[in-house]
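One-letter residues, chain by chain:
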Amino acid sequence: MKFIDEYQDSKLARGLAYKIAQRSTKTISLMEFCGGHTHAILRYGIRQLVPKTVEMRSGPGCPVCVTATADLDKAIALAHLPDVIATTFGDMIRVPGSYSSLQQAKAEGADVRIVYSTIDAVEIAKANPEKSVIFIGIGFETTAPTIAASILKAQQEKIENFYVLSLNKLTPPVMKALLDSGEVKLDGIVCPGHVSVIIGSHPYEFIPRDYGVACVISGFEPLDILLCIDKLVEQIEKGEPKVEIAYPRGVKPEGNRKARQLMEDVFEIGEANWRGIGIVPQSGLKIRGKYEQFDAGKAFSVSLKPPREPKGCRCGDVIRGAATSPECKLFRKVCTPERPVGPCMVSSEGACAAYYQYGTLENSQGF
Amino acid sequence: MYYGLTWAKIQEGMCLAIPVRIVSIDGDEAETEIAGVRRRVSIAFTPEAKLGDYVLLHTGYAIGVIDEAEAEETLKLLEEIASLSEVH
Ligand code: SF4
């Protein structure tokens with residue numbers, strides 16, 4: 001497939017790996033923010049391909065994983081309300097909340113439906129005017145414009161039974177929170193490619209400036225990631241951290257203005273609750289007052305029991321890059337993709353699921 | 001929901017965006033193709049997208065147009081690096 005296959009070539013990968021090894025003298029720690037990157041890195045054995053001086057850690061970039069248990073509980077409670085159809089992206093449905101999951105709610109009779117796109121959720125609302133259709137909106141800046149578009153569509157077409165529970169989150173503010181905490185020492189960040197298609201490269205500029213941490217935006221094919229690592233190593237070796245784009249076929253410095261406009265029209269910035277991190281100011285998207293009628297958080301009230309974290313699960317540490325999945329005692333023994341204990345094992349972007357699938361050298365597909 | 005197997009694969013990971021080719025345009029929607037599978041997508045965020053362009057498709061929306069000249073540049077750079085490393 002064009003723009004995919006050519007970035008998986010093994011000869012080119014070895015060339016890059018050689019160049020990185022030539023360059024790298026300092027021992028450094030890099031974080032790949034995005035769960036999609038974690039998957040590709042483990043799948044193609046990139047950790048083994050880069051020199052020992054380069055340590056890779058996974059970060060909080062899995063939207064399902066970072067959804068706080070309390071927010072999950074709310075989504076599940078909403079799904080149980082009478083005459084409600086809860087719609088959400090596939091990964092969300094199996095994530096365990098404190099006492100249940102959306103899947104369990106469905107088994108108990110709630111109408112929970114997986115959609116591929118917010119367009120489908122709006123269509124379901126149109127087809128079921130007697131029901132309230134709630135879209136459980138998770139995701140980063142990549143997805144937020146699509147959720148904004150669904151609210152605008154509902155408004156234009158006067159669809160009055162469509163609602164969104166906005167759990168959307170923003171990337172640069174959580175990077176700031178991680179760097180401020182100082183828990184994990186980082187020299188560079190593999191910045192998320194598809195978030196950056198929307199936001200561009202400017203919002204990361206405070207990171208090299210204020211924290212001295214290198215930032216390179218990467219695509220998702222293995223060669224894209226190696227190219228990104230090469231640029232990060234180069235910046236760090238020279239001691240000149242900055243923001244670079246190693247994915248220029250997808251990302252422009254200014255991002256996608258049109259998508260951002262829609263996002264800014266519908267949402268305002270507020271705090272958000274992140275699993276393992278807690279409340280991070282300025283890191284969430286709230287539906288603006290003028291679109292209040294579509295805000296499921298305002299239109300429905302549910303009473304919730306205090307949230308309870310899955311016992312022994314270290315997702316929080318994994319999300320912050322403070323632990324790797326195999327360091328969790330439950331990993332593989334108790335927690336598996338079939339019987340996941342925490343969200344990091346459920347989501348197709350979760351680090352635990354990636355480690356489970358590709359985590360050993362024998363399992364990684366390599367080139 | 002109602003897509004074939006390939007779509008099941010493509011849907012994996014909601015953060016994923018994949019390059020698909022535009023085969024026809026109808027207002028702010030377009031018919032796209034990847035590996036023989038066709039799908040209608042919204043191009044509301046990429047009004048500049050033209051017939052034959054590749055767009056990054058994310059949950060039913062084109063979020064960006066792929067810059068083919070940049071794609072070629074990157075490949076050239078990668079090939080250069082590979083040929084340099086062979087010399088050693
Ligand atoms: S392996 Fe399972 S229990 Fe352990 S951190 Fe990951 S999801 Fe949680």
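## Comments concerning the interface of chain A and chain B
Reasoning step 1: Each partner contributes residues to the interface: chain A has 48 residues there, and chain B has 45 residues.
Reasoning step 2: The tally of links from chain A across to chain B stands at two salt bridges.
Reasoning step 3: In this structure, A:Lys2 engages B:Glu68 in a salt bridge whose closest nitrogen and oxygen atoms are separated by 3.3 Å.
Reasoning step 4: Counting the contacts that link chain A with chain B gives 11 residue pairs in polar contact (both at pLDDT 80 or more).
Reasoning step 5: Within the residue set of the side of chain A that touches chain B, elements represented by two or more residues are α1 (10-23), α7 (118-127), α8 (144-156), α10 (193-199), α12 (222-238) and α13 (257-266) of chain A.
Reasoning step 6: The leading source of residues in the side of chain A that touches chain B is α1(A), at six residues.
Reasoning step 7: Here the side of chain A that touches chain B is composed, by residue class, of 26 nonpolar, 12 polar and 10 charged.

## As for helix α2 (residues 35-43) of chain A
All names here are of chain A.
Reasoning step 1: Of all the nine residues making up α2, seven are buried; the element is thus mostly covered by neighbouring parts of the structure.
Reasoning step 2: Taken as a whole, α2 has its buried residues at Gly35, His37, Thr38, His39, Ala40, Ile41 and Leu42.
Reasoning step 3: Following α2 by one or two positions, Gly45 adopts a phi angle in the positive range, close to 65 degrees.

## Quick look at the site of the ligand
Reasoning step 1: Around the ligand, the neighbouring residues are A:Cys313, A:Arg314, A:Cys315, A:Cys328, A:Leu330, A:Phe331, A:Cys335, A:Val341, A:Gly342, A:Met345 and A:Cys352.
Reasoning step 2: Residue composition of the shell around the ligand, by class: nine nonpolar, one polar and one charged.

## Here we look at the sheet that holds strand β3 (residues 84-88) of chain A
All names here are of chain A.
Reasoning step 1: Ordered in space as β4-β3-β5-β6, the four strands form an open sheet in which the pairing is parallel. Looking at the sheet topology across the chains shown, the edges are occupied by β4 (111-114) and β6 (162-166). On average, each strand axis in the sheet is tilted by 25 degrees relative to the strand beside it, whichever way the strands run.
Reasoning step 2: Note: β3 against strand β5 (residues 132-137), four bridges, orientation parallel. Directly across from Ile85, in β5, lies its bridge partner Val133.

## Quick look at helix α17 (residues 351-358) of chain A
Residue and element names in this part refer to chain A.
Reasoning step 1: Burial analysis of α17 places six of its eight residues in the buried class, the great majority of the element.
Reasoning step 2: Along α17, the residues that are buried comprise Ala351, Cys352, Ala353, Ala354, Tyr355 and Tyr358.
Reasoning step 3: Its buried side turned inward, α17 meets α2, α3 (46-49), β2 (54-61), α15 (315-319) and α16 (343-346).

## Overview of the domain arrangement of chain A
Residues and elements named next belong to chain A.
Reasoning step 1: We note that the domain assignment places domain 1 (5-57 + 171-245) and domain 2 (64-170 + 255-299) within chain A.
Reasoning step 2: Taken together, the contact pairs 14 residues of domain 1 with 17 residues of domain 2.
Reasoning step 3: Of the roughly 1,000 Å² buried between domain 1 and domain 2 on both sides combined, carbon and sulfur atoms contribute 73%.
Reasoning step 4: Area buried by domain 1 at its contact with domain 2 is led by Pro173, Val174 and Ile198, which between them contribute 47% of it.
Reasoning step 5: Counting every contact that joins domain 1 to domain 2 gives zero salt bridges.
Reasoning step 6: At the junction of domain 1 with domain 2, the criterion picks out five residue pairs in polar contact (both at pLDDT 80 or more).
Reasoning step 7: Across the side of domain 1 that touches domain 2, the residue classes break down as 10 nonpolar, four polar and no charged.

Parameters at a glance
Residues numbered from 1 in each chain as written. Chains lettered and ligands numbered in written order. Predicted model: local features only at pLDDT ≥ 70, side-chain atom pairs only at ≥ 80, totals over all residues. Heavy atoms only, no water. Contact = heavy atoms within 4.5 Å. Salt bridge = Lys/Arg side-chain N within 4 Å of Asp/Glu carboxyl O. Polar contact = N/O pair within 3.5 Å; in protein donor to acceptor, adjacent residues only side chain to side chain. Helix = DSSP H or I, 4+ residues; strand = E, 2+ residues; numbered from the N terminus. Nonpolar A, V, L, I, M, F, W, Y, C, P; charged D, E, K, R; others polar. Buried < 20%, exposed > 50% of the residue type's maximum accessible area, 1.4 Å probe, protein only. Near = heavy atom within 4 Å. Pairing = 2+ DSSP bridges. Axes fitted to C-alpha atoms, helices over the stretch in contact; angles between N-to-C directions. Domains from an automatic or database assignment. Buried area = accessible area lost by both parts, 1.4 Å probe.

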